[in-house]
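So you can see what is in the structure, the chains are spelled out below.
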Amino acid sequence: MSIVDKTIQQLVRNRVHDLTDRAMNINSLGSHRATVTLTKSCIVLGVSRSSAINTYAAQLPSSDVSDRLALAELDTALNQTRVYLTGGAQ
């Protein structure tokens, strides 16, 4: 396994932690509620405000999903939650 592969795997782990940290931060805001569901194959962050629920999901590495794809999906989910929380999506 190359240093690039090891780095990507570490970045995937970091992004999973970033999503769980984002949920804790969202819950501390008081106006939103966030939940994280983590399975062997995916992570889902659900954010609710009033009656609206937004979900942000990413696949995790597996035999069918490469580490690079998982990292890209995790980055997308993090960016989407950032946009939502900064008012980019209502």
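This write-up is about the structure you can find in this document.

Some details on the pairing of strand β2 (residues 42–49)
A regular strand places its side chains on the two faces of the sheet in alternate fashion.
Turning to step 1, where the next piece is worked out: Across six bridges, the pairing between strand β1 (residues 33–38) and β2 is antiparallel. Looking at the pairing, Val36 lines up with Leu45 of β2.
Turning to step 2, where the next piece is worked out: In textbook terms, the turn of a hairpin is the stretch between consecutive antiparallel strands, and for β1 and β2 this stretch comprises three residues.
Turning to step 3, where the next piece is worked out: Note: β2 against strand β3 (residues 52–59), eight bridges, orientation antiparallel. Of the residues in β3, the one forming a bridge with Cys42 is Gln59.
Turning to step 4, where the next piece is worked out: Taken together, β2 and the strand that follows it, β3, pair antiparallel across an intervening segment of two residues, in which Ser50 is found at a positive phi of about 60 degrees.

Considerations on the pattern of salt bridges
Side chains that differ in sign of charge can pair as their charged atoms come close.
Turning to step 1, where the next piece is worked out: Scanning the model with the defined rule gives one salt bridge in all.
Turning to step 2, where the next piece is worked out: The partner of Asp75 in a salt bridge is Arg15, with the nearest N and O atoms 2.5 Å apart. Note that Asp75 is positioned in helix α2 (residues 67–85) and Arg15 in helix α1 (residues 3–29), a separation of 60 residues in sequence.

Overview of the packing of α1 against α2
The geometry of a pair of packed helices is captured by two quantities: the angle between their axes and the separation between those axes.
Turning to step 1, where the next piece is worked out: Closest axis-to-axis distance for the α1/α2 pair is 9 Å, and the angle between their directions is 25 degrees. Considered as vectors, α1 and α2 are oriented roughly parallel to each other. Here α1 runs over α2; the crossing is left-handed. Taken together, the residues of α2 that come into contact with α1 (itself represented by Val4, Ile8, Gln9, Leu11, Val12, Arg15, Val16, Asp18, Leu19, Arg22, Ile26 and Leu29) are Asp67, Arg68, Leu71, Leu74, Asp75, Ala77, Leu78, Thr81, Arg82 and Leu85.
Turning to step 2, where the next piece is worked out: A class-by-class count of the residues in the contact of α1 with α2 yields 13 nonpolar, two polar and seven charged.

Rules used throughout
Residues numbered from 1 in each chain as written. Predicted model: local features only at pLDDT ≥ 70, side-chain atom pairs only at ≥ 80, totals over all residues. Heavy atoms only, no water. Pairing = 2+ DSSP bridges. Helix = DSSP H or I, 4+ residues; strand = E, 2+ residues; numbered from the N terminus. Salt bridge = Lys/Arg side-chain N within 4 Å of Asp/Glu carboxyl O. Axes fitted to C-alpha atoms, helices over the stretch in contact; angles between N-to-C directions. Parallel < 35°, antiparallel > 145°, perpendicular 65-115°, else oblique. Left-handed = near helix turned anticlockwise from the far one by under 90°. Contact = heavy atoms within 4.5 Å. Nonpolar A, V, L, I, M, F, W, Y, C, P; charged D, E, K, R; others polar.

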